[in-house]
Each structure stands twice: as C-alpha cells, then as structure tokens.
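# Inside the fold
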Amino acid sequence: MMSENLYDLLASRFPADPTAPCFLLADRAISYGEVTETTGRLATLLIAQGVAPGDRVAAQTVKSPEAVMLYLATLKVGAVYLPLNTAYTASEVDYFLKDAEPRLFVQDAVTLTVEAAQFAPLAATVPRAGSDLASIIYTSGTTGRSKGAMLSHANLATNALALHEIWEFSKYDVLLHALPIFHVHGLFVALHCAFLSGAAMVWLDRFSEAEVIAGLAQSTVMMGVPTFYTRLLAAPEFTRQTAAHMRLFICGSAPLLESTFEAFEARTGLRILERYGMSEAVIITSNPLNGERIAGSVGYPLPGVSLRISGGETGVIEIKGPSVFSAYWRMPEKTAEEFTADGWFITGDVGRLDPDGRLWISGRAKDLIISGGFNVYPKEIELILDELDGVTESAVIGLPHPDFGEAVVAVVEGAGDEAALIAQSRGKLAAFKAPKRILFVDELPRNAMGKVQKALLRQQHARLFEA
Ligand code: AMP
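Bear in mind the structure is a predicted one, so any value in this text is a computation, not a measurement.

Attention shifts here to the state of the cysteines. A full pass over the atoms with the stated rule returns zero disulfides. Not part of a disulfide, Cys-22 finds its nearest cysteine sulfur in Cys-193, a span of 14 Å. For Cys-22, a relative accessible area of 0% puts it in the buried group.

Structure follows, in structure tokens:
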C-alpha cells in the first residue's frame, strides 16, 4: 500500500531546486533543501528519543522555523503532533500532558534543532494510512475541559489540497505568515498551502503592523484573523500602494465585521476573502476566489464538504466531509454527543444558507440568549449596534436576570451615552431584543485568534442584575 503520510505529500511538492527559499526571515533565508535536511535530522533525533509511530510529541514553543521543522519531523516518523498555545500556564499544560501522555514535550525547538545536528537525516518517511492520527488540536473551549480533536493524515491532506486548488496557490506565491503556529489556521491552513506550492513565506514571529506592511511588498497572499485587518487599517502607513503587490488577503477564525471588509476595500481596492473553519474540520467554507465575495457571508462549502442546517432556516450547522475529525481524544461520550446518529458533526455554530448556497453565520449556539422566553441571536443585535455612533464593535451576551431569566446586554468597544444608544436600538429592534444595558469598554477581551471571549464577559458581569 502506498503511504498516505502527509509529510510525503508535502515534500513531493517542494521545489526541485533545493536552494529555493522556504522561510524568508529578516536577516536570512532558509531554503527548502535545508528544511528537508533539518527535518530529517530532527526525525532521527525523535526516533533516538524513543518516539514510535502513534506516539504524541507535544510542543509549547515560541514561533520559529525550527518549530515548523519539528512539526514536519513528527509527521515524518509517523508520530502525532500536539501544539500548545504559548499562553497556557504550567497548570494548564499539566492537564494536556496528563491527558495526551506524549512521549516527548518540547519547549525549545531551536535548541532541539542544534542537538539534532549530530544525527544523520532520516531518509525514509514512516508509512502511514490516511486514517492514522497526524495531530491532536485541543480546542480553546471556554467551558469544561478542553477537548483534543483528533485529525488524521487524510483529514489534513484533503483539506490542504482543496484549499491549494480553490485559492489557486502556485510556486509564484509568497505567503506572509504572521499567525501563531499552535492553532490550525497558522499551522495547517497557511503552512500546507505554501508547502503544496513550494512557495516561499515571509516569516514573522508575530503580527506587527510595521513588519507586515514591510513584508507585503514582497508577498502575494496573507492569511489573518480580523484583528490583523483592523490593526492594519488603523495604521495610516497602510495604503493602496503598500498592498499593491498582493493578490489575496484571506481572513478567518473569528467573524469579520462588514465595516472592516468595506474599509479595507476602500483603502486598498481589494476585497478580503473570508472563510470559515474550526479545529475539528480545518476549513469548512470559503468565499470564492473568482466569484463575488460578499461581506458577512463565509461563502460556499469546500469541495467534498456537505453542510446542512438543523431545525429550521436558521439553526445549528452540521457538516460531513473528508476533513472532519474522527473523535475527541479519550472522550467517547463527548464525541458521541457532538455527532448525529447519521454521522454529521454538530459544529455548534448557528447559521443559514441563502438561496445561492452561501453560508451566513449568526454565532455560537451556546451564545443564544433566551430572554423572557424569546430566542435572541446576538449577531442580529450586534449588527445593529455596530452601525450606531461611537460604537467600534459590540458583543451581545445574556446575563442572569430576575424577571427575564436572561437579559440582553451589550458590551461595547467605544464610548457613548448608554440611554441614547438603548433608545436608538429600540427604534430598530423588537423590545425583547433591545439591550437592557450597554456597558462601554476600551477593548473587548479576545483570545490569540481574535475571538471575543463571551464566556469571560458573562462571567465578569454575571451579577449585573442582582438586587
Ligand atoms: P477554533 O476551533 O479555535 O478554530 O474555533 C472555531 C470557531 O471559530 C468556529 O466554530 C466559529 O465559531 C469561529 N469562526 C471561525 N471562522 C469564522 C468566521 N469566518 N466567521 C465567524 N466565526 C468563525
């Protein structure tokens, strides 16, 4: 049987010329030849450390090309890569290590690479079946224990090939990589698209407006989260001219405000391509590269992905497809709960399909507010509030209330007059949907991927309506 190890697929697309650049750093470049060789040495080191096929290799490292090569080496030896957010504290990491029981836990990929120099590169990739496990991605779950989504070689390969095709990546592309690599967006979506085209990457350790703006001059594609785009737009140096070399700006991991999409187009003449994904399935839908990209919609299901809405026109999004994970690590009950009897994964996101087949997301099912017995979808209120004077961005949550069960409350980034804003929103929304209170903050709390942390907001303001 032919090996379906993802490493072989990626390496088969590396440029024939080993001197072709892979990582473009501030002061040097790392070629594809060097990446192959160092990955091979790291693979030999992993085996010397007793890492066997199926073993987990956990990594909580700063972002570096070496950390990427550790990921590739883990694939190459048939082991399972487990990236951990650098923000996790020791006690959080402790949970992941106990849960996943990795053979090796790497905290410094650069030093590991230095140590690997003494080893000869491993020549042959360890064969894997498509269904064999390639990675475990712990979800950033804000309630309960974090769950490890088990992604196979085939899950990752099919998704990477689909994206490479629909976004028309080629060897002429240069990807600006400013995302973290402990999350599917930076680790799988971005890296695999570059590797499948043998393309170079402008490699930034983290997002900084100045470095991104400088890097755009030699890049063709950037992938980002919405905060990247709002931060670029806040920089006057970011102009049509600085984006002139770019063919594509892609956005996802959190909702992109229509106002950001529009401001970006006004500034650069380019329409951001928004797509939707999650740890459990990598990318699920995308706006078209060549067709119309519509602000507020996350586009069409990827080739091979089936998508349905449960219980009515607007409801929970359920999916099936070759990139959908098989199970949560060592949580058979959780897994059973989140798949339907007929095998569809229940994403937990709420949305609707329009007559053209485009998906519109209206939030997470668990963020649904039930106020006085009525269902309130936060997104509907947020869209109205975001249009009002003084509001940069709003997050609508339900808080315990003695009369209503839950009361609709808006936490708003910006400044303004609470009573006036409530009155304005009443003019546009049914009374039960209008916020009972509006709280102003300088900045909404977000995680590393730019997602507003609603669970945290609910916790912070839980007693707002207590007598
Ligand atoms: P994660 O598993 O951390 O990548 O989080 C996945 C979740 O991010 C999804 O279930 C959605 O709730 C959200 N998400 C990702 N992309 C988008 C998008 N383009 N628009 C709205 N929400 C998104």
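Mapped onto the secondary structure, Ile-369 falls in strand β20 (residues 369–371). Accessibility expressed as a relative area gives 0% for Ile-369, which makes it buried. C-alpha separation for the pair Ile-369 and Ile-397, spaced 28 residues apart in sequence, amounts to 7.0 Å. Discounting residues that sit within four places of it in the chain, Ile-369 has contacts with Phe-374, Asn-375, Val-376, Pro-378, Val-396, Ile-397, Gly-398, Glu-406 and Val-408.

With the rule as written, the count across this model stands at two cavities of 30 Å³ or more. The calculated volume of the largest cavity comes to roughly 60 Å³. Looking at side-chain class alone, the lining of the largest cavity contains eight nonpolar, three polar and no charged residues. Computed from the structure, the second largest cavity encloses a volume of approximately 40 Å³. What lines the second largest cavity is Leu-156, Asn-159, Ala-160, Leu-163, Phe-188, Val-189, His-192, Cys-193 and Val-282. At the level of elements, α6 (153–166) and α7 (184–197) are the ones that each hand at least two residues to the lining of the second largest cavity. When grouped by side-chain class, the residues that make up the lining of the second largest cavity number seven nonpolar, two polar and no charged.

Attention shifts here to the sheet that holds strand β12 (residues 273–278). Pairing within the open sheet is mixed, and its nine strands lie in the order β2-β1-β9-β8-β10-β11-β12-β13-β14. The open sheet has two free edges, formed respectively by β2 (29–31) and β14 (300–301), since each of these has just one partner strand. Of the strand pairs in this sheet, strand β10 (residues 221–224) and strand β11 (residues 248–251) are connected by four bridges, and their pairing is parallel. Bridged to Met-223 within β11 is Ile-250. Contacts from helix α2 (residues 32–48) reach β1 (21–24) and β2, with the element oriented near 70 degrees to β2. Sheet strands touched by helix α8 (residues 209–216): β8 (174–177), β9 (200–203), β10 and β11. Its angle to β8, the strand with the most contacts, is close to 180 degrees.

Here the focus is the packing of aromatic side chains. Within the structure shown, the criterion is met by 20 aromatic pairs. With a centroid separation of 5.3 Å and an interplanar angle of 65 degrees, the aromatic rings of Tyr-95 and Phe-96 are classed as edge-to-face. Centroid distance Phe-339 to Phe-345: 5.4 Å. Interplanar angle 50 degrees. Geometry classified as tilted. Judged on exposure class, the residue Phe-339 and its partner Phe-345 are both buried. Among the aromatic side chains, those forming a connected cluster through ring pairs are Tyr-88, Tyr-95, Phe-96 and Tyr-138. Above the plane of the ring of Phe-404 lies Lys-436, whose end atom (NZ or CZ) is 4.7 Å from the centre.

Here we take up the nonpolar core. Trp-167, Phe-195, Met-222 and Met-223 are the most contacted members of the largest nonpolar core, which totals 115 residues. Not counting chain neighbours up to four residues away, the residues in contact with Met-222 comprise Leu-176, Val-212, Leu-216, Phe-228, Tyr-229, Leu-232, Met-246, Leu-248, Phe-249 and Ile-250. Core analysis: the second largest hydrophobic core is formed by 14 residues, Ile-381, Leu-385, Val-391 and Ala-410 among them.

Burial along strand β3 (residues 56–59) is two-sided: the residues Arg-56 and Ala-58 and Val-57 and Ala-59 are all buried. In this sheet, strand β4 (residues 80–83) lies alongside β3 in parallel orientation, the contact comprising four bridges. Note on β4: the bridge partner recorded for Ala-58 is Leu-82. Where the polypeptide runs from β3 across helix α3 (residues 65–76) and back to β4, its parallel neighbour, the crossover connection is right-handed. In terms of strand pairing, β3 meets strand β5 (residues 104–106) through three bridges, oriented parallel.

Along the polypeptide, Thr-227 turns up in helix α9 (residues 226–234). Spatially, the C-alpha atoms of Thr-227 and Gly-351 are 22 Å apart, while their sequence positions differ by 124 residues. If near-sequence neighbours (up to four positions away) are discounted, Thr-227 is found in contact with Arg-446 and Gly-450.

Topologically, His-185 is positioned in helix α7. His-185 sits in the buried class, given a relative accessible area of 0%. Leaving out residues up to four positions away in the same chain, His-185 has contacts with Leu-179, Ala-190, Met-223, Gly-224, Val-225, Gly-252, Ser-253, Arg-275 and Met-449.

With that out of the way, let us pick up the packing of α2 against helix α5 (residues 109–116). Running from N to C, α2 and α5 point in directions that differ by 85 degrees, and their axes come no closer than 9 Å. One element, α2, and the other, α5, form an angle in the roughly perpendicular class. Here α2 contributes Thr-38, Arg-41, Leu-42 and Leu-45 to the contact with α5, which in turn contributes Leu-112, Thr-113, Glu-115 and Ala-116. When its residues are assigned to classes, the contact of α2 with α5 shows four nonpolar, two polar and two charged.

Before going further, it helps to examine the site of the ligand. Taken together, 15 residues lie near the ligand, and His-183, Glu-274, Arg-275, Ser-279 and Asp-349 sit nearest. The contact in question runs from an oxygen atom of the ligand to an N or O atom on the side chain of Ser-279, over 2.7 Å. Calculation on the ligand without its partners gives an accessible area of 500 Å², and the protein chains cover 91% of this total. With five residues, the single largest contributor to the shell around the ligand is β12. Across the shell around the ligand, the residue classes break down as five nonpolar, five polar and five charged.

In many analyses, interface size is given as the accessible surface area lost on bringing the parts together. Here the protein is partitioned into domain 1 (6–359) and domain 2 (368–460). Of note, the centres of domain 1 and domain 2, computed from C-alpha atoms alone, are 31 Å apart. In total, domain 1 and domain 2 occlude about 1100 Å² of area from one another, counting both sides; carbon and sulfur atoms represent 68% of this. For the interface between domain 1 and domain 2, the tally reads zero salt bridges. Between the two partners, domain 1 and domain 2, sit one residue pair in polar contact (both at pLDDT 80 or more). Its residues assigned to classes, the side of domain 1 that touches domain 2 shows seven nonpolar, eight polar and one charged.

Criteria and cut-off values
- Along each chain, residue indices are assigned from 1 in the same order as the chain's sequence is written.
- Confidence filtering applies because this is a predicted model: local features only for residues at pLDDT of at least 70, side-chain atom pairs given and counted only at 80 or more, and all residues used for totals across whole chains, interfaces and linings.
- Excluding hydrogens and water, the side-chain values take into account all heavy atoms of the structure.
- Note on disulfides: each one is a pair of cysteine sulfur atoms within 2.5 Å.
- Accessible area is worked out with a 1.4 Å probe on protein chains only. A residue is then buried under 20% of its type maximum, exposed over 50%, and partly exposed in between.
- Here a strand is any run of E in DSSP of at least two residues, a helix any run of H or I of at least four, and the numbering for each starts at the N terminus.
- Between two residues, a contact is recorded if the distance between any of their heavy atoms is within 4.5 Å.
- In this analysis the probe radius is 1.4 Å and the grid spacing 1 Å, with only protein atoms considered; a cavity is a set of points the probe fits into but cannot get out of, a pocket is an open set with protein on both sides within 12 Å along at least five of seven lines, and lining residues have an atom within 4 Å of a point.
- Grid points are joined across faces, edges and corners, and a volume is the space filled by probe spheres set on the points.
- Put simply, Ala, Val, Leu, Ile, Met, Phe, Trp, Tyr, Cys and Pro go in the nonpolar bin, Asp, Glu, Lys and Arg in the charged bin, and everything else, Gly too, in the polar bin.
- Strand pairing requires that DSSP identify at least two bridges connecting the strands.
- Only the stretch in contact is used when a helix axis is fitted, and all axes are lines through C-alpha atoms; the angle between N-to-C directions ranges over 0 to 180 degrees.
- Only rings of Phe, Tyr and Trp enter the pairing, Trp through its six-membered ring, and a pair is recorded when the two centres are within 6.5 Å. The plane angle decides the type: under 30 degrees is stacked, over 60 is edge-to-face, the rest tilted.
- Only when the NZ atom of a Lys or the CZ atom of an Arg is both within 6 Å of the ring centre and within 35 degrees of the ring normal do we say a charge sits over the ring.
- Working definition of a nonpolar core: buried Ala, Val, Leu, Ile, Met, Phe, Trp, Tyr and Cys residues. They are joined through side-chain atoms within 4.5 Å.
- The path from the first strand over the helix to the second decides the hand: if it runs clockwise while the strands point away from the viewer, the crossover is right-handed.
- For classification purposes, angles smaller than 35 degrees are called roughly parallel, those larger than 145 roughly antiparallel, those between 65 and 115 roughly perpendicular, and all remaining angles oblique.
- Any residue with at least one heavy atom within 4 Å of a molecule or strand is counted as near it.
- Contacts described as polar in this section are N or O atom pairs within 3.5 Å, which, within protein, must combine one atom able to donate a hydrogen with one able to accept it, while residues neighboring in sequence count only if both atoms come from side chains.
- Every accessible area reported is derived by Shrake-Rupley at a probe size of 1.4 Å, with residue values counting cover from the shown protein chains alone.
- Here the limits of each domain have been adopted from an automatic or database domain assignment.
- Joining two parts hides part of their accessible area as seen by a 1.4 Å probe, and the buried area is that hidden amount summed over both.
- Here, a salt bridge means any side-chain nitrogen of Lys or Arg that lies within 4 Å of a carboxyl oxygen of Asp or Glu.

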